[in-house]
Amino acid sequence: MEVIVRANPPQASVLGADYVEQLLTKKPKAVLGLATGRTPVRLYQELSRRPHLDFRQITTFNLDEYVGLPPEHPSSYHCFMQQNFFRPLEIQPHQWNIPDGQAADLEQECQEYEERIQASGGIDLQILGIGHDGHIGFNEPTSSLRSRTRVKTLTASTVEANRSEFPSGQEPPLHVLTMGVGTILEARQILLMAFGESKSEIVAKMIEGPLTAMVPASALQLHPKVTVILDEPAASRLTMLEYYRQVYDHKNER
Ligand code: GLP
């Protein structure tokens, strides 16, 4: 795992955008895995500030969506993606994929989502955030580390964390569709970003703790090409921090 620490989220996001740019330069038809949440928003904004980048041939797959929310609901991940990625980068409807949380047959939708990822040639770069309980996508603690896209029930703490995304008085959904941990691990490259002191404990567990379904993000330890970009507060509990800095500072000498 490559662990990189930047002073603050803006600097971390510029570096994250550099990873996306490197991929697009090499592969204009890249398949990107996209995440929602506050963490990747600056990275998406940074991409929209790079006019030399051409997004016309990319395909995107989002990690997850709430069950039962129509795409036009302001708290749906469809709506989030329109606002923060598809509209600013002029991504056309035929280019993007998000699980349909309103599908009549949710199991079939999950199966077809997996098939669409396969048919696209697989995800080249998966962008991830991390929940305070160690979830990636919406793979809550005890998710199978080989799980595929499926319906998940959120924990009470994740429902609470999501409440701020919903209009007051509206109960956030308990169920979601999410790519599985196994689906995520099949991406050729993974870029996870985490910011703020509140993420420092779970970040340390993900990188330096045991591989366990209790911290689904720890499954990234099994992946050969993961880059984790942190701000200083999120990195503050890493015991090997000096080593990670040394590795990065001398990266180009190899
Ligand atoms: C939600 C999303 C995750 C995201 C997490 C963290 O649970 N499903 O993909 O990583 O929130 O969100 P934030 O970046 O706002 O901390």
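Here the structure is shown first, and the text comes after it.
Note that the structure is predicted; figures quoted are calculated from it, not measured.

## Re a nonpolar patch on the surface
So, point 1. Among the surface-exposed residues, Met-240, Tyr-243 and Val-247 lie close enough to one another that they form a single nonpolar patch of about 280 Å² accessible area.
So, point 2. Here Tyr-243 is to be found in helix H9 (residues 241–249).
So, point 3. According to the relative accessible area criterion, Tyr-243 is partly exposed, its value standing at 46%.

## Section: the side chain of Asn-139
So, point 1. Following the sequence through the fold, Asn-139 ends up in the loop between strand S6 (125–128) and strand S7 (150–153).
So, point 2. Accessibility expressed as a relative area gives 0% for Asn-139, which makes it buried.
So, point 3. A polar contact is formed between the side chain of Asn-139 and the backbone oxygen of Ile-136, at a distance of 2.9 Å.
So, point 4. A polar contact of 2.9 Å, which involves the side chain of Asn-139, links it to the backbone oxygen of Met-179.
So, point 5. Discounting residues that sit within four places of it in the chain, Asn-139 has contacts with Ser-147, Arg-150, Thr-178, Met-179, Gly-180, Val-181, Ile-184 and Pro-216.

## Thoughts on the packing of aromatic side chains
So, point 1. Following the criterion strictly, the structure yields nine aromatic pairs and no others.
So, point 2. Between the aromatic rings of Tyr-66 and Tyr-77, the centroid separation amounts to 4.9 Å while the plane-to-plane angle is 45 degrees, which identifies the pairing as tilted. Of the two residues, Tyr-66 sits in strand S4 (residues 64–66) while Tyr-77 sits in helix H3 (residues 77–86), which places them eleven residues apart along the sequence.
So, point 3. With 5.3 Å between their ring centres and 75 degrees between their planes, Tyr-66 and Phe-166 make a pair best called edge-to-face. Residue Tyr-66 is located in strand S4, and its partner Phe-166 is located in the loop between helix H5 (156–163) and strand S8 (175–178); the two are separated by 100 residues in the primary sequence.
So, point 4. An aromatic cluster of at least three residues, connected via ring pairs, comprises Tyr-44, Phe-85, Phe-86 and Trp-96.

Each value, and the rule that gives it
- Residues numbered from 1 in each chain as written.
- Predicted model: local features only at pLDDT ≥ 70, side-chain atom pairs only at ≥ 80, totals over all residues.
- Heavy atoms only, no water.
- Patch = residues over 30% accessible without salt bridge, like charges linked within 9 Å, V, L, I, M, F, W, Y side chains within 5 Å.
- Areas by Shrake-Rupley, 256 points an atom, 1.4 Å probe, with all protein chains shown as cover.
- Salt bridge = Lys/Arg side-chain N within 4 Å of Asp/Glu carboxyl O.
- Helix = DSSP H or I, 4+ residues; strand = E, 2+ residues; numbered from the N terminus.
- Buried < 20%, exposed > 50% of the residue type's maximum accessible area, 1.4 Å probe, protein only.
- Polar contact = N/O pair within 3.5 Å; in protein donor to acceptor, adjacent residues only side chain to side chain.
- Contact = heavy atoms within 4.5 Å.
- Phe/Tyr/Trp six-rings, centres within 6.5 Å; stacked < 30°, edge-to-face > 60°.

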